[in-house]
Amino acid sequence: MSQLLQLNNISFKVLNFNNDFIILRCAEPQRLMMIGEIILKNQFEFIDEVIATEFEICLKLNVNYSEEKLSQLTNLSFIPKDKRNLYKLPIWFNTHEDWTQVMKHTHLEKDAIIDILQKGTYSIAMLGFLPGFIYIDGLPSVLHVPRKSTPSKYIPANSLAIGDKYLGTYSLASPGGWHVIGSIACPILDLTKLPPVAITGMDQIKIESITKERYEELQSEKIQLLEYNGII
Amino acid sequence: MGSFKIINPGLLSSFQDMGRSGYAFYSIPTSGCLDKQSAAYANIILKKPIDAPVIECNIIAPQIEFLSTTQIVITGADFNWQLNGKAIRIGELINIKTSDILKGKSSREGCRGYLAVNGDLKLDKVYDSYSTYLMGNFGGYQGRQLKKGDVVEWNELNPIVSDIQMDIHFKKDNQVNFFKGPEFDWLSSASKEILFSSAYTVQADSNRMGTRLKGPALQLDTTKMKGSVPVLPGFIQLTPDGQPIVLLNDAQVTGGYPRIGYIPEAALPAFSQTPIGITLNFKLW
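Values in this document were obtained by computation on a predicted structure and should not be read as measured data.

Caption draft 1: Structural detail: the overall build of chain B. Tallying secondary structure elements over chain B gives three helices and 21 strands in all. Relative to the globule expectation of 19 Å for 285 residues, the C-alpha radius of gyration of chain B, 20 Å, shows essentially globular dimensions. With the C-alpha coordinates of chain B rotated into their principal frame, the extents come out at 60 × 35 × 30 Å. Per-residue burial for chain B yields a buried fraction of 49% across its 285 residues. Looking at chain B alone, contacts between residues at least 24 apart form 75% of all its contacts between residues at least 6 apart.

In structure tokens, the structure reads:
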């Protein structure tokens, strides 16, 4: 009963749940954000929501859906139109208590960890969890730290954290199970804009270590991430 | 201009409308009234657009002092509402005078109540909706639940005449009809038996993000979730301790727990009226 759909040379299994929603699932982890974004931007009248993760794209359907309409997706061009940006993410590597566990698990000193973090070029695995939370891919395996078995009740807004193989950005204060290693000086989330997160699935990220003084300066000047990176 | 003042906010009172649509891609949940049907009735009786914002109250009613004349409609669960100490009916137009005090008690039958006011409420509209998203601190009244002393203002609309009366009774049915979710078949056959033959009780730590249930723990034959996957309101997730959570309107858009089932959108208003402590039985649709 399950059919297949080819989008951007990725083969998806189509799982239709009573015309309430469809899950498109691929076998290997892919950056499905870009595909999801292009589906979303085409505003198909039969789709209410698009959610993209690493293995799945979920399409919430409405009454306008009928089976033959799904093939409209295959007509989309998945060649990205927008320029690919490289974002520098300015981080003050603060003295958060989670550093203890991160150093213990990696057997590395804080300075060495910051060095490794700055060397990498990272990509976007997916958005999810809460507004402004980015799952950032490309963390070297020496820095993989399993999530906490009991999540912390409070993680401050604009925290950078490690969870398994990802770096993650807590843009809103929330509970969370990842290990906080730094404070992001320029907020990723801007609720006055659409999209609220400017970083797209095609962009890349570099981590930039900044001093506490520089962090406070950027904070007081309320510099946005786009402005910091000279992207208009 | 009209206004009222919150004397006591009740347990959790916030402004909600029909919610946001199309923003889940950016991890912004739909929010909005949990019992959209009752909220829509309030607006219909008041001859306002269905998606006009209303106060949603939970379990314990707020106490409100009106600082001007207006008209209101209350729908949803029965909170034993009183105006100046006198019992009032829900589901019909009520004329309000300056200094009137509206209050209620704990909810009976259901747990969400809706209060619509005949005015254009001065609230924050964020991403096409007045709904308060509590976790994100945006929308509605300053992005938060109502507090003692809050004054809510509105631009007055012409008084209306409405003879619509709605006698709304919640279906007193403890059966939850659901569809199989993507990971339904991960449940062991013994656990499927247990799910269909056992009672699950609504827990006190439920909130607008989800209704937590407790009953006999369910087990999966496989537990290999490949990372986080998309979720929608109505999805039934199984937590590591084998208990189901039904996601509601403020839920995250992705999650790492198996999605054993889902309650379709049309059945969610009635489901979200289920009070804490009520025992439910699951049945496949």
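Caption draft 2: Local environment of the sheet that holds strand β12 (residues 151-156) of chain B. Reading across from one edge, β7-β6-β9-β4-β1-β12-β11 (chain B) is the order of the seven strands in this open sheet, with antiparallel pairing throughout. Whereas interior strands pair on both sides, the edge strands pair on one side only; in this sheet they are β7 (86-87) and β11 (119-121) of chain B.

Caption draft 3: The arrangement of the interface of chain A and chain B in detail. Listed per partner, the contact involves 31 residues of chain A and 23 residues of chain B. Among the elements of the structure, β2 (10-17), β3 (21-25), α1 (33-41), β4 (47-52) and β5 (56-61) of chain A are those that each provide at least two residues to the side of chain A that touches chain B. Per-element accounting of the side of chain A that touches chain B gives the leading share, five residues, to β4 of chain A.

Caption draft 4: Representation of the environment of C58 of chain A. Here C58 of chain A is to be found in strand β5. The exposure class of C58 of chain A is buried, given the 27 C-beta atoms found within 10 Å. Measuring from C-alpha to C-alpha, the distance between C58 of chain A and I22 of chain A comes to 5.7 Å, with 36 residues separating the pair along the chain. Look past the residues within four positions of C58 of chain A in its chain and what remains in contact with it is F21, I23 and I51 of chain A together with P230 of chain B.

Caption draft 5: View of the sheet that holds strand β21 (residues 279-284) of chain B. Residues and elements named next belong to chain B. Strand order in the closed barrel formed by seven strands is β13-β20-β17-β18-β15-β14-β21, and the pairing between neighbours is mixed. With direction set aside, neighbouring strand axes in the sheet form an average angle of 40°. Alignment of strand β13 (residues 175-180) against strand β20 (residues 259-262), held across two bridges, turns out to be antiparallel. Bridge pairing in β20 places F179 opposite Y262.

Caption draft 6: Main features of the domain arrangement of chain B. All names here are of chain B. Its domain assignment divides chain B into domain 1 (2-156) and domain 2 (175-284). Placing a centre on the C-alpha atoms of domain 1 and another on those of domain 2 gives a separation of 28 Å. Elements with a contribution of two residues or more to the side of domain 1 that touches domain 2: α1 (36-45) and β10 (108-117). Among the residues making up the side of domain 1 that touches domain 2, the classes are represented as eight nonpolar, nine polar and three charged.

Definitions and limits used
Residues numbered from 1 in each chain as written. Chains lettered and ligands numbered in written order. Predicted model: local features only at pLDDT ≥ 70, side-chain atom pairs only at ≥ 80, totals over all residues. Helix = DSSP H or I, 4+ residues; strand = E, 2+ residues; numbered from the N terminus. Rg over C-alpha atoms; globule rule 2.2 N^0.38 Å. Buried ≥ 20, exposed ≤ 12 C-beta atoms within 10 Å, placed from the backbone. Contact = placed C-beta atoms within 7 Å. Pairing = 2+ DSSP bridges. Axes fitted to C-alpha atoms, helices over the stretch in contact; angles between N-to-C directions. Domains from an automatic or database assignment. Nonpolar A, V, L, I, M, F, W, Y, C, P; charged D, E, K, R; others polar.

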